[in-house]
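Examination of the molecular architecture
Listed below, chain by chain, are the residues.
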Amino acid sequence: MCRSIKTLRPPMTPELHDEDIEAAALQYVRKVSGFRAPAAHNREVFDQAVGAVAEATRKLLDGLEVRGSGGRAS
């Protein structure tokens, strides 16, 4: 769906930063909403969605177990 979003889990991304998660969340919300930049009246809900997607992504990555890597994904 979002070809510009890269895989964030190790070993695909050995060094993960908050900026990587935020960028992926922003790309996802842009794709789903159809807006590259929302109008002022949609900014709050757009930003809230980016935050929620970023948090869900952090929880996902923290919870993933990548077998053969010696532990969790992050």
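Residues numbered from 1 in each chain as written. Predicted model: local features only at pLDDT ≥ 70, side-chain atom pairs only at ≥ 80, totals over all residues. Heavy atoms only, no water.

Thoughts on the layout of surface pockets
By volume, the largest pocket is sized at about 160 Å³. The set of elements that each furnish at least two residues to the lining of the largest pocket consists of α1 (18-33) and α2 (43-63). A total of 4 residues in the lining of the largest pocket trace back to one element, the largest contributor, which is α2. When grouped by side-chain class, the residues that make up the lining of the largest pocket number 9 nonpolar, 2 polar and 2 charged. (1 Å grid on protein atoms, 1.4 Å probe; cavity = no way out; pocket = protein on both sides within 12 Å on 5 of 7 lines; lining within 4 Å. Points joined across faces, edges and corners; volume = space filled by probe spheres on them. Helix = DSSP H or I, 4+ residues; strand = E, 2+ residues; numbered from the N terminus. Nonpolar A, V, L, I, M, F, W, Y, C, P; charged D, E, K, R; others polar.)

A closer look at α1
Helical geometry note: an α-helix holds 3.6 residues per turn, so side chains three or four residues apart project in the same direction. The end-to-end C-alpha distance of α1 is 22 Å, a good match for the 22 Å that 16 residues give at a rise of 1.5 Å each. Taken residue by residue, α1 has Asp20, Ile21, Ala24, Ala25 and Val29 as its buried positions. All buried residues of α1 fall inside an arc of 165 degrees around its axis, so they share one side. Along its buried surface, α1 packs onto α2. Phi for Gly34, located one or two positions after α1, is positive at around 85 degrees. (Expected span 1.5 Å × (residues − 1). Buried < 20%, exposed > 50% of the residue type's maximum accessible area, 1.4 Å probe, protein only. Arc of directions from axis to C-beta. Contact = heavy atoms within 4.5 Å.)

Details of the confidence of the model for the protein
Averaged over all residues, the pLDDT of the protein equals 86, while 86% of them reach at least 70. For the protein, strand β2 (residues 71-72) is the element with the lowest average pLDDT, namely 52, and α2 is the one with the highest, namely 96. (pLDDT = per-residue confidence, 0-100.)

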